[in-house]
Amino acid sequence: MLELVDTGILAYEIETHETLWMNDSFTTMLNIPHIKNINWLKKQNEDLFNELLNIPVNESTLMTIHARKQTIKTMTNASIFQTGGKTYKLIAFHNVSATMEEVESGAWKGLLNVMTHEIMNSIVPVSSLSDTLKRKIHVLKERSSQPSEPDLEDMELALDTIHRRSDGLLRFAETYRSLSQKIVPDMKSYNLYDLLNSIHSLMNPSLQQKGIEFTLKTDDPDVTAYIDRDLIEQVIINFVTNATYAICEKEKPEIHLFSGCDTEGHPYVTVADNGCGISDAVRDKIFIPFFSTKKNGNGIGLSISREIVKLHNAKLHVQSQEKSGSAFTVLFNPQG
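Just so we're clear, the structure is a prediction, and the values are computed from it rather than from any experiment.

About the cut-offs
- Residues numbered from 1 in each chain as written.
- Predicted model: local features only at pLDDT ≥ 70, side-chain atom pairs only at ≥ 80, totals over all residues.
- Heavy atoms only, no water.
- Patch = residues over 30% accessible without salt bridge, like charges linked within 9 Å, V, L, I, M, F, W, Y side chains within 5 Å.
- Areas by Shrake-Rupley, 256 points an atom, 1.4 Å probe, with all protein chains shown as cover.
- Salt bridge = Lys/Arg side-chain N within 4 Å of Asp/Glu carboxyl O.
- Buried < 20%, exposed > 50% of the residue type's maximum accessible area, 1.4 Å probe, protein only.
- Helix = DSSP H or I, 4+ residues; strand = E, 2+ residues; numbered from the N terminus.
- Expected span 1.5 Å × (residues − 1).
- Polar contact = N/O pair within 3.5 Å; in protein donor to acceptor, adjacent residues only side chain to side chain.
- Phe/Tyr/Trp six-rings, centres within 6.5 Å; stacked < 30°, edge-to-face > 60°.
- Pairing = 2+ DSSP bridges.
- Axes fitted to C-alpha atoms, helices over the stretch in contact; angles between N-to-C directions.
- Contact = heavy atoms within 4.5 Å.
- Core = buried A, V, L, I, M, F, W, Y, C linked by side-chain atoms within 4.5 Å.
- Arc of directions from axis to C-beta.

**Q** How would you sum up a nonpolar patch on the surface? Please name residues and give values.
**A** A contiguous nonpolar patch, built from I14, V57 and I80 and spanning about 210 Å² of accessible area, is present on the exposed surface. Overall, the relative accessible area of 40% leaves I80 in the partly exposed class.

Structural data, given as structure tokens:
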């Protein structure tokens, strides 16, 4: 039975290192012959020899074995037993390399999905806005006229919006490239209306092309919040992007941006739409990573948005009614 299992098994006497048992799975795993004493390993692979001696007893340990130009990840379990007046160490090696590779591959795919999702959410409106700017310049050239002061201001605002979002996207990529480090938001005081106005300028051209009414309102244009602007911009862009899917079947699709301060002094931003809404059965699942109600959705945007909101010690509220629309609100901590 021990020869038939695919788990490598080694038993040796602790005092003399003489081998009591070594099955074929173990010798195949390490690519070694059957040996009478594990001291043979000391000459061939001293690091492996020392690792075998130091494997803890009565606990599972993930062990990386470097043997004959190959690397194997094994889950090891060891125990001590006595027989015939001698003490032996029994070690079982289960090869988990394939499983680990599958998990790592899944993790990398998930990371690539995150990066692709966030990049696309910013690149699409940036591309649309730059195309609008290009067409405006082309019209001015055809008319052989100098741009007016309002035209210059519009173009300057568009270029500034493109530049800021590009910088924000670069910073987002840098943040997620260093996954081993804790993400620390670059917190500063920002005017929330100015923030939403920038996003409105960025996304309005592409939404207009889709026939979507995109408005911006505020209860107080002077309200500020202590935030990482780039990360919060990414959250709002995610909300607006999701809203465009929710309203795709509406005759008069609308998306609205709001900013203000609630009765308890919390600065807030809201993205609301008149779309299909979210059912009660789905509402509790929308922030679960990789859960999506969209046909080609990957379920990443909202889970990332919630994590960014948590980094700000802020609160995220969702109000929705089927066939009537949804509203996503981020409540920030009061300043001062």
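**Q** Account for helix α7 (residues 229-246), with residues named and values stated.
**A** Here α7 contains 18 residues, and its C-alpha end-to-end distance of 26 Å stays within 8% of the 26 Å for a straight helix at 1.5 Å per residue. Summarising burial for α7: 17 of the 18 residues are buried, a large majority. Backbone nitrogen of D230 and a side-chain oxygen of the N-cap are separated by 3.2 Å at the start of α7; the cap is D228.

**Q** Help me get a handle on the packing of aromatic side chains, residues and values and all.
**A** What the rule picks out here adds up to 3 aromatic pairs. Judged by centre distance (5.2 Å) and plane angle (45°), the ring pair of F26 and F93 falls under tilted. Highlighted residues: F26 in helix α1 (residues 24-30) and F93 in strand β5 (residues 86-95), separated in sequence by 67 residues. Take F93: its relative accessible area is 0%, and that puts it in the buried class. Seen from their ring centres, F81 and Y88 are 5.4 Å apart, and the 20° between their planes marks the pair as stacked.

**Q** Give me the pairing of strand β11 (residues 315-321): which residues, what numbers.
**A** Across 7 bridges, β11 lies against strand β12 (residues 325-331) in antiparallel orientation. Of the residues in β12, the one forming a bridge with L316 is V330. If you look at the hairpin formed by β11 and β12, you'll find 3 residues sitting between the two strands, and K323 has a positive phi there, around 70°.

**Q** Hey, could you go over the pairing of β12 for me, with residue numbers and the actual values?
**A** Of all the 7 residues making up β12, 7 are buried; the element is thus mostly covered by neighbouring parts of the structure. Of the two faces of β12, the one lined by G325, A327, T329 and L331 and the one lined by S326, F328 and V330 are each fully buried. Here strand β10 (residues 267-273) runs beside β12; their pairing, made up of 6 bridges, is antiparallel. When the sheet's bridge partners are listed, V271 is paired in β12 with F328.

**Q** Before we move on, can you summarise the sheet that holds strand β9 (residues 254-261) with the specific residues and values?
**A** Two orientations exist for strands paired in a sheet by backbone hydrogen bonds: parallel and antiparallel. Pairing is mixed in the open sheet, where 5 strands are placed in the order β7-β9-β10-β12-β11. The open sheet has two edge strands, β7 (213-218) and β11, and neither has a second partner. In this sheet, adjacent strand axes meet at a mean angle of 15° when their direction is disregarded. Along the sheet face, helix α6 (residues 192-209) touches β7, β9 and β10 and points at about 170° away from the line of β7. Contacts between α7 and the sheet are confined to β7, β9, β10, β11 and β12, with β10 contributing the most and set at about 20° to the helix.

**Q** Describe the environment of T215, with residues and values.
**A** One can find T215 in strand β7. Owing to a relative accessible area of 16%, T215 belongs among the buried residues under this scheme. Counting along the chain gives 57 residues from T215 to A272, while the straight-line C-alpha distance between them is 10.0 Å. Every residue in contact with T215, bar those within four places of it in the chain, is listed here: H200, I255, H256 and L257.

**Q** Which residues make up the nonpolar core, and what values go with them?
**A** A general trend in soluble globular proteins is that nonpolar side chains are found buried together. In this structure, I236, V240, I255 and F332 are the most contacted members of the largest nonpolar core, which totals 43 residues. Broken down by element, the residue count for this core peaks at 8 residues, all from α7. Among all residues touching V240, those that are not within four sequence positions of it are M203, L207, F214, I255, L257 and V271. Of all hydrophobic cores here, the second largest spans 20 residues; its members include L10, M29, L41 and I91.

**Q** Outline helix α3 (residues 46-53), supporting the account with residue identities and numerical values.
**A** Buried within α3 we find L48, F49 and L52. Relative to the axis of α3, the buried residues are bounded by an arc of 105° and lie together on one face.

**Q** Quick rundown of the pattern of salt bridges? Include the residues and the values.
**A** Pairs can form between side chains of opposite charge whenever their charged atoms are close. A complete count under the given rule lists 2 salt bridges for this structure. R229 serves as the salt-bridge partner of E233, at 3.3 Å between the closest nitrogen and oxygen. On the criterion of helical spacing, the pair formed by E233 and R229 is a turn pair, its members being 4 residues apart in helix α7. Here the two residues E233 and R229 agree in accessibility, since each one is buried. Measuring nitrogen to oxygen at the nearest pair gives 3.7 Å for the salt bridge that ties K310 to E307. Placement of the pair is K310 and E307 together in helix α9 (residues 301-311), with a separation of 3 residues, close to one helical turn. Here K310 falls in the partly exposed class, since its relative accessible area comes to 47%. For E307, a relative accessible area of 40% puts it in the partly exposed group.

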